[in-house]
Each structure stands twice: as structure tokens, then as C-alpha cells.
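Structural features, examined
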Amino acid sequence: MKDYLEKLPKEILDLVYLARDIASSNDMPVYLVGGFVRDLILGVKNLDLDIVVEGSGIKVAEDFAHALNAKLIRHRRFGTATVILESHLKVDFSTARKEYYPKPAHLPVVAPGSLKDDLFRRDFTINAMAISLSSENFGKLVDFFSGRDDLRKKKIRVLHDLSFIDDPTRILRAIRFEKRYDFHIEPKTLKLLKEAVKGKYLERVEPQRVRDDLILMLKEKEPLKEIKRLKELAGLSFLHPRLCVYARNYKLLGRIEEEVSWFENSHFYRRPLDAWVIYFMGLLDCLSPRFTRVVCRRLALRRGEEKRILNAKKHTGKLIASLSRPDTRPSKIFALLEPLSYEEILLIKAEYRNASVQKHIEDFFEIYNGMRILITGDDLRRLGLAPGPYYQKIFTRVLNAKLDGEAPNREVELALIRRLIKKR
Ligand code: CTP
């Protein structure tokens, strides 16, 4: 794999060489593993270096961080450490380990082990390859489970029959990789996956772990494909017994994809978007606000996420009458949309296809949201007005006039203020 490694961006390749040199000075075998190796062979960009050490992952991480003067976070209990570089690249180190699951769907018990043990505890053959970074066989692929052949044949395959029972979040991971790479889950793995679904093992996993994998799914390039396959293979009752997705919900999710790409192509500079939150809103569309809250709480979503999801459920209906009228004034549109999150606004845009709703929301993003007035507090002081809460009222009145096209320049803004002061 030397030639593959040499094609990496220089910044990454330098890190790989540094790991090789540190491995050699510590006399510990060191390997690149997991998703990084998979993506290297596939030619897919992946900057998350994942390194396994037969010896001490923490010691190698310490030397690595020291050489780069980088930040190091140690997790002694797990024998792992993460090095965070100034460029925000991060490198994960772990000590090769074996695992066993005393109870299905619960976290494993771990003990030091060989590289083979470490690869065997992993989810799929395509994620269970390693590349040696030791000087004597630098770049050699270690592939005990025919991962490379499965990559070639586009197959998702577990390493042993209990894989989904030990860790049912792998059901979500199998679907995620299948759709991401356009692979297929091979027949025996599919059978094992369906058995784990039938045994309701996903319901036994700590909800936060399900949440993390579900969010990763919704962050993939085409979440609609992922959701369809999830419904087909696992159903959605593991999220809530009343959760269902009908044809109209798929339609909505498809439109969310369109709106997210519209926003990301033309308005990304405004504010980063949590696109997965909108897909989650779309996924929970059929649930009442009460059950939506139950799902959010169970998955322990962050307060800000839960708030946006519940607001969308409760309030959007009330805005639609005004948004649907072509003659609603821009100042009114601004007042309605400005308090909402971008995620809620894009959900409305996906949900209501009426031309006026579309136009008002596009105008909001394109014009109203970035509009600034030209007068300042200094102007108000110069006009003899003492600072106080009245300032904000004046600014809002001037902004509304500007939004409605009634204050095209600074002079008109000042004239409007004078009139407002007189009337006071
Ligand atoms: N892994 C596993 N079982 C899990 C999660 C992870 O066996 N439930 C293993 C896999 O070998 C995986 C590695 O841990 O490759 C790293 O996990 P993660 O970073 O989550 O996955 P990646 O494969 O790197 O996937 P992605 O490209 O989505 O980051």
C-alpha cells in the first residue's frame, strides 16, 4: 500500500511518517486501521487517522503529540488517546485490544490483545484492515478477513454471527455504509441483521448510542436513501412505537434534500446549518408534539436541537396564512421569520409549495435577513434623544420602513426619525 500512502496530501503523509518513526524508536508495531484504510483503498478522502499500537497507544500518542507540540487527550481507562493538531486534524491512537460482550447490546469488556484480536472485534470486513507503519514492513496491508476482496465486490459483511447482537448499532452502520458507497449487505449478513431486528436488539441499546448513529445517517449525502433502507430493514418502532413514514413523508424528505442543497449552494455564508435536524423533523413528521418530545428526551438531544424540533411542530402552522398571501409586507415577513431557526424556515419551505411562501422565504434569506439601517445611536444623540429603550423601538421602525421600501437612503431614515421624535 506504499504507493497509496504516497498519494496522500503532504500534511497527512508527514503524520504517517512521524508515526512510523515513533513506532520504530519505541519498538512497538503500529498500524493504520479502520475507515481510513477502507477509504484509502477506495480513493475516498478521509482525514481521520486511526492508529492501533501493539504495546501502548498512549505512549505512542504522547511522543507523537510532543513531536508536534500538539494537544493530547488521554483516556487511560480505555488505553486510547487523541492528538489534536493546530490545523484541527485529529489522530486517534489505541492499544490493540480484544473485546467480549458479557451482555448483548451493552458495552464490551476489553483487555489487551494482538492486532488480529483488535481487527476481529470490528463491525465489517471492509473496516477490519490495517496497514503496517513499522519500518521493516512499512505500507504492508494486513487483511485477515478478506476485506479488500469485499471492497472490490462492494460487500458489507460481518466478521462473526453475533456481531449485530453484541452491538446492534451496527445495523445502522451497515445501512449507512451500504448507501454511502452504493454497496450491498451480503446475504448472510442481511439474514443476521434481520434476526437482530426481529429480536428487538436495537431497543436494548443505550438510546444515546442509537442517537449518535442516527445523526451520522442523517448527515450522509443522501439521507432519504438511508431512511428508506432503515425503514425497510429495521422499521422505525425502535425510535417510537407510533412512528411511521408514508409516501407523503418520503416526498417531504425529498424536498428537504432540495431545500438543503439550495441553501448550501447559495446561502451557506449566512450561518452554518444543522441539516440533520431538518431531516429529523421530516422523519418525525407523523408524530404529535407530545410524542416528538418523548423521542427527543429519550435520545437526549441537546436543548437547542429539541427546541428547534418542537417549535417546528407547534408553530409553523400559525405562520402559513400570512406567508401564503402575496401582498404580505416584507416587514411582516421579517417579523414572522426572524425569530425562527434556519432549520425551521427550511422545513416550512420544503413543506409548503405555494408560490408566495417560496418567494417570501427566498426574499427573507436573500434580502431581508442581511438588511442593515444606516442611522446609528450617534445620530439619535445628535438629534437630542437620550439613550434608552426607545432607541430600539426607533431602530425597528426604521428597519421596517427600509424593508418595505420606504426608506431608501440615510436622509429618508433621518427624516423618519425626526417625525417619530416629534410624535413622541
Ligand atoms: N467500529 C466498530 N463497531 C462500531 C463502531 C466502530 O467495529 N459500532 C470500528 C470500525 O472498524 C470502524 C472504526 O471502529 O472503522 C472507527 O469507527 P468510526 O470512526 O465510527 O467509523 P469509520 O469506519 O471511520 O466511519 P466514518 O467514515 O463514517 O467515520
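Rules used in this analysis
Residues numbered from 1 in each chain as written. Predicted model: local features only at pLDDT ≥ 70, side-chain atom pairs only at ≥ 80, totals over all residues. Heavy atoms only, no water. Helix = DSSP H or I, 4+ residues; strand = E, 2+ residues; numbered from the N terminus. Expected span 1.5 Å × (residues − 1). Buried < 20%, exposed > 50% of the residue type's maximum accessible area, 1.4 Å probe, protein only. Pairing = 2+ DSSP bridges. Core = buried A, V, L, I, M, F, W, Y, C linked by side-chain atoms within 4.5 Å. Contact = heavy atoms within 4.5 Å. Salt bridge = Lys/Arg side-chain N within 4 Å of Asp/Glu carboxyl O.

1. What to know about helix α8 (residues 169-181)
Taking 1.5 Å as the rise per residue, α8 with 13 residues should run 18 Å; its terminal C-alpha atoms sit 19 Å apart, in good agreement. Of the residues trailing α8, D182 is marked for its positive phi of about 60°.

2. Thoughts on the pairing of strand β2 (residues 49-53)
Taking burial as the measure, the five residues of β2 include four buried ones, the bulk of the element. Pairing of strand β1 (residues 30-33) with β2, which is carried by three bridges, proceeds in the antiparallel orientation. Within β2, the position partnered with V30 by the bridge is V53. Pairing between β2 and strand β5 (residues 90-95): five bridges, direction parallel. When the bridges of β5 are listed, V53 appears paired with T95.

3. Things to note about the nonpolar core
Membership of the largest hydrophobic core comes to 120 residues, with the highest contact counts inside it found for L32 and F280. Ignoring sequence-local partners within four residues, the contact set of L32 consists of L5, V16, V37, L49, D50, I51, M129, A130, I131 and L133. One finds L380, L385, I394 and A407 within the second-largest nonpolar core, a separate group that totals 14 residues.

4. Details of the pattern of salt bridges
Tallied over the entire structure, the rule returns 44 salt bridges. For D404, the salt bridge identified is with R329, shortest N-O distance 3.2 Å. Of this pair, D404 sits in the loop between α20 (390-403) and α21 (410-423) while R329 sits in the loop between α15 (303-324) and α16 (330-337), placing them 75 residues apart in sequence. Classification of D404 as buried rests on a relative accessible area of 19%. Here R410 ties to D379 by a salt bridge, and the two come within 3.0 Å at their closest N and O atoms. In this pair, R410 sits in helix α21 while D379 sits in helix α19 (residues 377-382), placing the two residues 31 residues apart along the sequence. A relative accessible area of 5% means that D379 is categorised as buried. Each of the salt bridges in this network shares a partner with another, and the network as a whole consists of R97, E99, D118, R121 and R122.

5. Describing unusual backbone geometry
You will see that D182, though not glycine, has its phi angle at about 60°, which is positive. When you line up the elements, D182 lands in the loop between α8 and β11 (184-185). Non-glycine residue K200 carries a positive phi angle of around 55°. When you line up the elements, K200 lands in the loop between α9 (187-198) and α10 (207-218).

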